[in-house]
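# Coordinate inspection notes
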Amino acid sequence: GSTESFDNVTQIPSYACQRRTSLLHQNKEITDALEILALSASFQGSEARSLAFARSTSVLKCLPFKLQSLQDVKDLPWCGNHCKRVIQEILEDGVCMEVELVKDSEQYQSMKLLTSIFGVGVHTAKKWYQEGVRSLSDLNNNKRKLTAEQRAGLLHYKDLQQHVTREEAEWVEHLVVRALQSYVPDVQVTMTGGFRRGKEVGHDVDFLITHPKEEALNGLLKKAISWLESKGYLLYHHVKARSQSFSKSSTMDGHETCYSIVSLPNYYKHNWDCEAEETLKNLDNSEKETSHNWRAIRVDLVVAPYSEYSYALLGWTGSKHFERELRRYSFEVKKMSLSSHGLFDNEKKCLLPAASEEEVFAHLGLPFLLPFDRNA
Ligand code: GTP
Ligand code: MN
Ligand code: MN
């Protein structure tokens, strides 16, 4: 099949969703370098250049061998002259001068710092950079208007910079399940995002929530949030309501979503009973900040109606590049619009229901890929 190991690079298909990309591969030095160039291009507002670097990076991630010479990339899709120059320099010198210069540049460093704050995107970071912001203290000192999300991002910056381990993600899962099950005992909760793709660490923990009966989901997220809040687990949250108005052919996503920061008590590592909750509840936020027996973790909760579940699961499992490529493939090759809500056939003008991720791949005429193989 087309997703078997590629002995001959000319067999490598052009869309990332047609290839298996596991977490580990043999050319990390080179892909790390290209990822820096992709990020730098996006910081400069060059989306097309950023995308081009992302595509070449992704192709190299699925190569089953370590690159030895430029001959190896001669026939690879998306591997243009710029990418080849980077590869050649790294093969010859171990580093690429352009990448080193980018890493050393004030703009790249500041943009990377600012965009790493929860609630700060490229647009805001760029504006701040142009206004002279270079460090986090520049943000704290200036009487700059920050959103509630950004204030929370700054307050918990150190914790949120640390990777979330799988073990921590599983504690959060236990907590989220408890919160939801206290209202709907047979609710279905699935950990999505990077952890579902087999990553051992993440920048957050993502959950998808569903139930066969749509009524069971009404108001559930709000109730679970109140439950978490009343027990002192929520450091920050904001809810994006479900948007009813998304059109069938749109690729926009409108699931009810909670973006949150949860506090995970350290003593939970040793003690699974609920007494710790009482202690936590009685600390106010500033005490929590100084006591350090807890840690802040970013958590995303997404609610999907059962009928859209397979699409939401596929859409929230990632990787981001895999999702982007899957949508591009759907549109360009199959004349279909894919979103986390469904798949719309633009020629037959109809929605295609799917009871599993496998069925979605089948609608698209693609060989099924397990989450582990979606690390494009
Ligand atoms: P880390 O969290 O960094 O470990 O990686 P991740 O792959 O889990 O990234 P992230 O949590 O940012 O996103 C998980 C998946 O959800 C990705 O595939 C994204 O494309 C998708 N995603 C993130 N935000 C949104 C959103 O607002 N809407 C939709 N539909 N998908 C999103
Ligand atoms: Mn994630
Ligand atoms: Mn997320």
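Residues numbered from 1 in each chain as written. Chains lettered and ligands numbered in written order. Predicted model: local features only at pLDDT ≥ 70, side-chain atom pairs only at ≥ 80, totals over all residues. Heavy atoms only, no water.

Around ligand 1 lies a shell of 17 residues, among which His203, Asp204, Asp253, Gly318 and Lys320 are the nearest. Side-chain polar atom of Arg197 to an oxygen atom of ligand 1: 2.9 Å apart, as the coordinates give it. In the model, an oxygen atom of ligand 1 is placed 3.2 Å from a nitrogen or oxygen of the Gly318 main chain. Listed by contribution, the elements that provide at least two residues to the shell around ligand 1 are helix H11 (193-196), helix H16 (309-317) and helix H17 (320-334). Of the residues assigned to the shell around ligand 1, the class counts are 2 nonpolar, 8 polar and 7 charged. (Near = heavy atom within 4 Å. Polar contact = N/O pair within 3.5 Å; in protein donor to acceptor, adjacent residues only side chain to side chain. Helix = DSSP H or I, 4+ residues; strand = E, 2+ residues; numbered from the N terminus. Nonpolar A, V, L, I, M, F, W, Y, C, P; charged D, E, K, R; others polar.)

With that settled, the discussion passes to the coordination of the manganese ion (ligand 2). Looking at the manganese ion (ligand 2), one finds its protein donor set to be Asp204 (OD) and Asp206 (OD), positioned 2.0 to 2.1 Å from the metal centre. Here the manganese ion (ligand 3) and the manganese ion (ligand 2) are spaced 3.7 Å from one another, each receiving a donor from Asp204. The exposure classification of Asp204 matches that of Asp206, with both residues buried. (Donors = N, O, S within 2.8 Å, 3.2 Å for Na, K, Ca; no water. Buried < 20%, exposed > 50% of the residue type's maximum accessible area, 1.4 Å probe, protein only.)

In terms of burial, strand E4 (residues 205-210) is largely enclosed, as 6 of its 6 residues are buried. In the sheet, strand E2 (residues 188-191) pairs with E4 via 4 bridges, with the strands oriented antiparallel. Paired with Gln188 across the two strands is Thr210, which belongs to E4. In this structure, E4 lies alongside strand E7 (residues 294-303), joined through 5 bridges in parallel fashion. Across the sheet, Leu208 pairs through a bridge with Val302, a residue of E7. (Pairing = 2+ DSSP bridges.)

Another aspect to go through is the domain arrangement of the protein. Each assigned domain of the protein is listed here: domain 1 (3-102), domain 2 (105-155) and domain 3 (156-376). Taken together, the contact pairs 11 residues of domain 2 with 10 residues of domain 3. Roughly 870 Å² is buried in total at the junction of domain 2 and domain 3, and carbon and sulfur atoms are behind 65% of that figure. Area buried by domain 2 at its contact with domain 3 is led by Phe118, Ala152 and Leu155, which between them contribute 53% of it. (Domains from an automatic or database assignment. Contact = heavy atoms within 4.5 Å. Buried area = accessible area lost by both parts, 1.4 Å probe.)

Across the sheet, 5 strands lie side by side as E2-E4-E7-E6-E5; this open sheet has mixed pairing. In the strand order of this sheet, the two ends are held by E2 and strand E5 (234-240), each with one partner. Across this sheet, the average inter-strand angle for adjacent strands is 25°, counted without regard to direction. Together, E4, E5, strand E6 (256-265) and E7 form the strand contacts of helix H13 (residues 220-230), whose direction differs from that of E5 by roughly 170°. (Axes fitted to C-alpha atoms, helices over the stretch in contact; angles between N-to-C directions.)

Turning next to the coordination of the manganese ion (ligand 3). Listed as protein donors to the manganese ion (ligand 3) are Asp204 (OD), Asp206 (OD) and Asp300 (OD); their distances from the metal cover 2.1 to 2.3 Å. Sequence positions of the residues that donate to the manganese ion (ligand 3) give the spacing D-x1-D-x93-D.

This part takes up the environment of Glu347. Among the structural elements, Glu347 can be located in the loop between strand E9 (343-345) and strand E10 (350-351). Taking the relative accessible area as the measure of exposure, Glu347 reaches 61% and is therefore exposed. In this structure the C-alpha to C-alpha distance between Glu347 and Ser226, which are 121 residues apart in sequence, comes to 45 Å.

So, about the side chain of Asp72. Considering the arrangement of structural elements, one finds Asp72 in the loop between helix H2 (47-61) and helix H3 (81-93). Lacking a salt bridge, the buried Asp72 has Lys74 as its closest oppositely charged neighbour, with an N-O distance of 9.6 Å. A distance of 2.7 Å separates the side chain of Asp72 from the backbone nitrogen of Gln68, its partner in a polar contact. (Lys, Arg positive; Asp, Glu negative; His and termini not counted. Salt bridge = Lys/Arg side-chain N within 4 Å of Asp/Glu carboxyl O.)

What follows is about the sheet that holds strand E8 (residues 336-338). Taken in spatial order, the 3 strands of this open sheet run E8-E9-E10, and their pairing is antiparallel. Because the sheet does not close on itself, it has two edges, and the strands there are E8 and E10. Note that E9 and E10 share 2 bridges and pair antiparallel. When the bridges of E10 are listed, Phe344 appears paired with Leu351.

The next point concerns the packing of helix H4 (residues 97-104) against helix H5 (residues 106-115). A pair of packed helices is characterised by two quantities: the angle between their axes and the separation of those axes. Taken N-terminus to C-terminus, the directions of H4 and H5 make an angle of 60°; their axes are 5 Å apart at the nearest point. When the axis of H4 is compared with that of H5, the two are oblique. Packed against H4, whose contacting residues are Val102, Lys103 and Asp104, the element H5 presents Glu106, Tyr108 and Gln109 at the interface. Residue composition of the contact of H4 with H5, grouped by class: 2 nonpolar, 1 polar and 3 charged. (Parallel < 35°, antiparallel > 145°, perpendicular 65-115°, else oblique.)

This brings us to the nonpolar core. Judged by nonpolar contacts, the single largest core of 38 residues is most densely connected at Leu60, Leu76, Ile87, Ile117 and Leu139. When contributions to this core are tallied by element, the ones reaching two or more residues are helix H1 (28-43), H2, H3, H4, H5, helix H6 (122-130) and helix H7 (136-141). No other element matches H1, which puts 7 residues into this core. Looking at which domains feed residues into this core, each of domain 1 (3-102) and domain 2 (105-155) gives three or more. For Ile117, the residues in contact, after removing those within four places along its chain, are Leu136, Leu139, Gln150, Gly153, Leu154 and Tyr157. Ala179, Val184, Val187 and Met191 belong to the second-largest nonpolar core, a separate cluster that totals 33 residues. (Core = buried A, V, L, I, M, F, W, Y, C linked by side-chain atoms within 4.5 Å.)

A word on the pattern of salt bridges. Pairing is possible between side chains that carry opposite charge, provided their charged atoms lie close to one another. Tallied over the entire structure, the rule returns 18 salt bridges. With a closest N to O distance of 3.8 Å, Asp373 and Arg20 form a salt bridge. Of this pair, Asp373 sits in the segment after helix H18 (357-363) while Arg20 sits in the segment before H1, and the two are 353 residues apart along the sequence. A relative accessible area of 16% places Asp373 in the buried class. The partner of Arg295 in a salt bridge is Glu168, and the shortest N-O contact between them spans 3.0 Å. In this pair, Arg295 is assigned in strand E7 and Glu168 in helix H10 (residues 166-181), connecting sequence segments 127 residues apart. The structure contains a network of salt bridges with shared partners spanning Arg55, Glu325, Arg328 and Glu332.

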